[in-house]
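# Observations on the three-dimensional arrangement
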Amino acid sequence: MSRVPLLVATTEFRRTVRAVSNERSKLFMMGLLATVMFGSIVVAGGYLLPMLGEQFAEGITQSQATMATELVTGGVAVAWLFLVFMAGIRAFTSAATVDKPAFLLTSTPLRNVVVGIVGAEMLLFGSWLLPPAIVLSAAFASGAGTILPVLLVPLVVVLALCTAVPVGFVVGVWIRHLVTVYEPIARYRMVIFIAFWVLYFGAIATGRFNLVIDQLFYALQDSPLGWPGHLLLLGVPNVAASSTIAFGALLGAAGLSAVAVAVGISSARRHWFADPARFEEGEEPVTDSTDRLSGLLSYGLSRPVRTVATTAIRRTKRAPIRLVYVGYPLLGSIAFVQEIARTGAVPTHVAVILSLYVVWAAGALFTLNPLGDLGRALPAVVASPLAGRQAITGLVVASALVAGPVALLVSLTLGLLSPLSLEHTAALVVATTVGAVAAPALATGVGAAFPRYGSVKVTNNREAVMPSKTAFIVYSAVIILTAIAAAVLYVDAPGLIADLLTAVTAWTPGPELAVSARGITISAWTVLVVGLLAPPVSSLFAIEEFDRYTLE
């Protein structure tokens, strides 16, 4: 790599690291991810790999050697495809979008820019993959009694980076080109994105993803993608690795890397100098759905309230990325979908938890940051004749209109598909629907008490105004505690909880505490009453905060 591409690579890598380190929440999440994923692997590998190395050094049977070859070659091939997938996502979301293109693309040849960006991506992925690879290979080498694994494992990782990252860059650039430049696809890109992630997580939840991985694992063992596995096996004692195939892996990696970089340069030239897709105003539907909604609301609401409600829905429809945080809890529902797919029925606890999520999402849609969501329009809105009661009511109406029908449909469907009786299903439907109307009122006061006015990065190149973390925590705590209190009283569980708490305190040091069922009942009623009174009180507080807000 010559001086200019190296400068581009180090600059982009340094900017990425700085962007992550400046955001404490993102840094914490990445540290947690590294600890959970790589930390557990390193700890387990550091304990098991020395024993495995000793076993290979002492001698293994032919069938064990064959199985080891198949595992290594198939695993290397699948890992390479996964690395291409991750590099493609990185290219689509970040690397394929040049920062300050008017400067970078005119100050140096395009080849230097592409090589530098791909090099920065290699450094980024390498900073995650190389340290655990070195530690694990050293653990195996300590048991096997040879230093070759410490040399060959990082070499295989570097080969994978030099091939998978350029290929992923090409894939990511072309996908981004299609959804931003090619008009027939760009027009429906949001639908395509949603469909892709639904299919992806659906495949994981239903087990189809594992079936595909298994098929690829066995199908690619003898393919060129599995050849680097023989290079890895050269450092494993008593395993007959093919030196010819290992040498072919080195040549193939060099050739594939060169071709991928060349294609990446051509692809980047095509994408970076293309005009984005534009949609003529005449192509849009003549009647806007929000205009029809405003007409329906005119029968019972004043014009300012209708305007606030329809504006909130219209802004979200035009920039749905503002609500990406609402979908975060759904990532935890993969286990529920797996359970439903395995049993063929909806368990009772799943029906209740998913209905509770709908209630939570109803308040998180438009009302958890009533002042901050106005963005640059905040000075004009607070200086207008719009009253706080009209503004807050409009936001609550918008949330109820969107979430109310969804709450009714989801809770009814889940209740009928679960073992719940008709009486309990009716109670679930009523509680979910009423909660979907009350939760937005609760969220207004919480969001007004803990607002966020600045935007945060949703992806590496997209920003949006989101509610503050404190508002999230307080709002979620009120919803969850109220739901728990209602469930405890509905199923008449204070006695069981009291016995459980008494048994737990008996095993803890210190004096034993006797927890009575009456105390649990009083506590549950207290939490429930406070939770039921919170929405109207919260909305009144939000109205007052809106009315007395002053610009500094």
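Residues numbered from 1 in each chain as written. Predicted model: local features only at pLDDT ≥ 70, side-chain atom pairs only at ≥ 80, totals over all residues. Heavy atoms only, no water.

The next thing to look at is the overall build of the protein. Secondary structure summary: the protein contains 21 helices and 2 strands in total. In terms of its C-alpha atoms, the protein occupies a principal-axis envelope of roughly 80 × 70 × 45 Å. Counting every position in the protein, which comprises 552 residues, the buried fraction comes to 39%. Accessible surface computed for the protein: about 30300 Å², of which carbon and sulfur atoms make up 70%. (Helix = DSSP H or I, 4+ residues; strand = E, 2+ residues; numbered from the N terminus. Buried < 20%, exposed > 50% of the residue type's maximum accessible area, 1.4 Å probe, protein only. Areas by Shrake-Rupley, 256 points an atom, 1.4 Å probe, with all protein chains shown as cover.)

What follows deals with the confidence of the model for the protein. Interpretation of the predicted coordinates at a detailed level should be avoided for regions scoring low in pLDDT. Mean pLDDT for the protein: 85, with 91% of residues reaching 70 or above. A low-confidence stretch, residues 281–287 stays under pLDDT 50, and its non-local contacts, those more than four residues away or across chains, total 4 contacts. (pLDDT = per-residue confidence, 0-100. Contact = heavy atoms within 4.5 Å.)

All right, on to the packing of helix H3 (residues 62–95) against helix H9 (residues 208–219) then. Direction vectors running N to C along H3 and H9 enclose 125°, while the axes themselves pass 8 Å from each other. One way to sum up the angle between H3 and H9 is to call them oblique. For the pair H3 and H9, the sense of crossing is right-handed. On H9, the residues that touch Glu70, Leu71, Gly74, Gly75, Val78 and Leu81 of H3 are Ile213, Leu216 and Phe217. Of the residues that constitute the contact of H3 with H9, the class distribution is 6 nonpolar, 2 polar and 1 charged. (Axes fitted to C-alpha atoms, helices over the stretch in contact; angles between N-to-C directions. Parallel < 35°, antiparallel > 145°, perpendicular 65-115°, else oblique. Left-handed = near helix turned anticlockwise from the far one by under 90°. Nonpolar A, V, L, I, M, F, W, Y, C, P; charged D, E, K, R; others polar.)

For the rest of this paragraph, the subject is the pattern of salt bridges. Close approach of charged atoms allows side chains of opposite charge to pair. With the rule as written, the count across this model stands at 5 salt bridges. For Arg90, the salt bridge goes to Glu121, with nearest N and O atoms at 2.8 Å. Of this pair, Arg90 sits in helix H3 while Glu121 sits in helix H5 (residues 110–144), and the two are 31 residues apart along the sequence. Taking the relative accessible area as the measure of exposure, Glu121 reaches 9% and is therefore buried. Salt bridges sharing common partners tie together Glu544, Glu545 and Arg548. (Salt bridge = Lys/Arg side-chain N within 4 Å of Asp/Glu carboxyl O.)

Mapped onto the elements, Thr180 comes out in helix H6 (residues 148–180). Overall, Thr180 belongs to the buried group, its relative accessible area being 17%. Of the polar contacts made by the side chain of Thr180, one reaches the backbone oxygen of Arg176; its length is 2.5 Å. Once residues within four sequence positions are removed from consideration, Thr180 is found in contact with Ala186, Arg189, His271, Pro276 and Ala277. (Polar contact = N/O pair within 3.5 Å; in protein donor to acceptor, adjacent residues only side chain to side chain.)

It is worth spelling out the nonpolar core at this point. Inside soluble globular proteins, nonpolar side chains tend to come together where they are buried. In terms of nonpolar packing, the biggest core is built from 34 residues, with Tyr325, Val326, Trp360, Phe366, Leu368 and Tyr475 touching the most fellow members. Here this core takes 9 residues from helix H15 (residues 348–366), the largest share from any one element. With sequence-adjacent residues up to four places away left out, Tyr325 is seen in contact with Trp360, Ala364, Leu365, Met466, Pro467 and Phe472. Core analysis: the next-biggest nonpolar cluster, separate from the first, contains 29 residues, Leu104, Ile117, Phe169 and Val173 among them. (Core = buried A, V, L, I, M, F, W, Y, C linked by side-chain atoms within 4.5 Å.)

As a further point, take a nonpolar patch on the surface. Together, Phe28, Leu32, Leu33, Val36 and Met37 give the surface a local cluster of nonpolar side chains, amounting to about 480 Å² of exposed area. Looking at the element boundaries, Met37 is found in helix H2 (residues 24–58). (Patch = residues over 30% accessible without salt bridge, like charges linked within 9 Å, V, L, I, M, F, W, Y side chains within 5 Å.)

Among all residues save glycine, negative phi is the norm, and among peptide bonds the norm is trans. The backbone phi angle of Asn238 is positive, close to 65°, even though this residue is not glycine. Although it is not a glycine, Asp492 adopts a positive phi angle of roughly 55°. Relative to the helices and strands, Asp492 is located in the loop between helix H19 (469–490) and helix H20 (494–507). We classify Asp492 as exposed; its relative accessible area is 65%.

This paragraph deals with the environment of Thr502. Within the element layout of this structure, Thr502 appears in helix H20. Residues Thr502 and Val118, 384 residues apart in the sequence, show an inter-C-alpha distance of 60 Å.

Tallied over the full model, the rule gives 9 aromatic pairs. On the basis of an interplanar angle of 80° and a centroid distance of 6.0 Å, the ring pair of Tyr200 and Phe209 is categorised as edge-to-face. Pairing Tyr357 with Trp360 gives two aromatic rings, centres 6.1 Å apart and planes at 25°, and the pair type is stacked. Separated by 3 residues within a single helix, Tyr357 and Trp360 lie in helix H15, roughly one turn from each other. As far as the burial class goes, Tyr357 and Trp360 line up, both buried. Each residue in the set Phe85, Phe196, Tyr200 and Phe209 is aromatic and connected to the rest through ring pairs, giving one cluster. (Phe/Tyr/Trp six-rings, centres within 6.5 Å; stacked < 30°, edge-to-face > 60°.)

So, about H19. Helix length check: H19, at 22 residues, gives a terminal C-alpha distance of 31 Å against a target of 32 Å (1.5 Å per residue), a fit within 8%. Here H19 has its buried residues at Ala471, Phe472, Tyr475, Ser476, Ile479, Thr482, Ala485, Val488 and Leu489. Where H19 ends, the next residue or the one after it, Asp492, has phi of about 55°, a positive value. (Expected span 1.5 Å × (residues − 1).)

The next point concerns the environment of Phe13. Position of Phe13 among the secondary structure elements: in helix H1 (residues 3–21). As for Phe13 and Ala120, which are separated by 107 residues in sequence, their C-alpha atoms are 5.1 Å apart. Excluding anything up to four places from it in sequence, Phe13 contacts Ala120, Leu123, Leu124 and Ser127.

Moving on to the packing of H1 against H5. In contact at an axis separation of 7 Å, H1 and H5 are set at 45° when each is read in the N-to-C sense. When the interaxial angle is binned, H1 and H5 end up oblique. The two elements H1 and H5 meet at a crossing, and its hand is right-handed. On H5, the residues that touch Val4, Pro5, Val8, Ala9, Glu12, Phe13 and Thr16 of H1 are Asn112, Val113, Val115, Gly116, Ile117, Gly119, Ala120, Leu123, Leu124 and Ser127. Split into classes, the residues belonging to the contact of H1 with H5 amount to 11 nonpolar, 5 polar and 1 charged.

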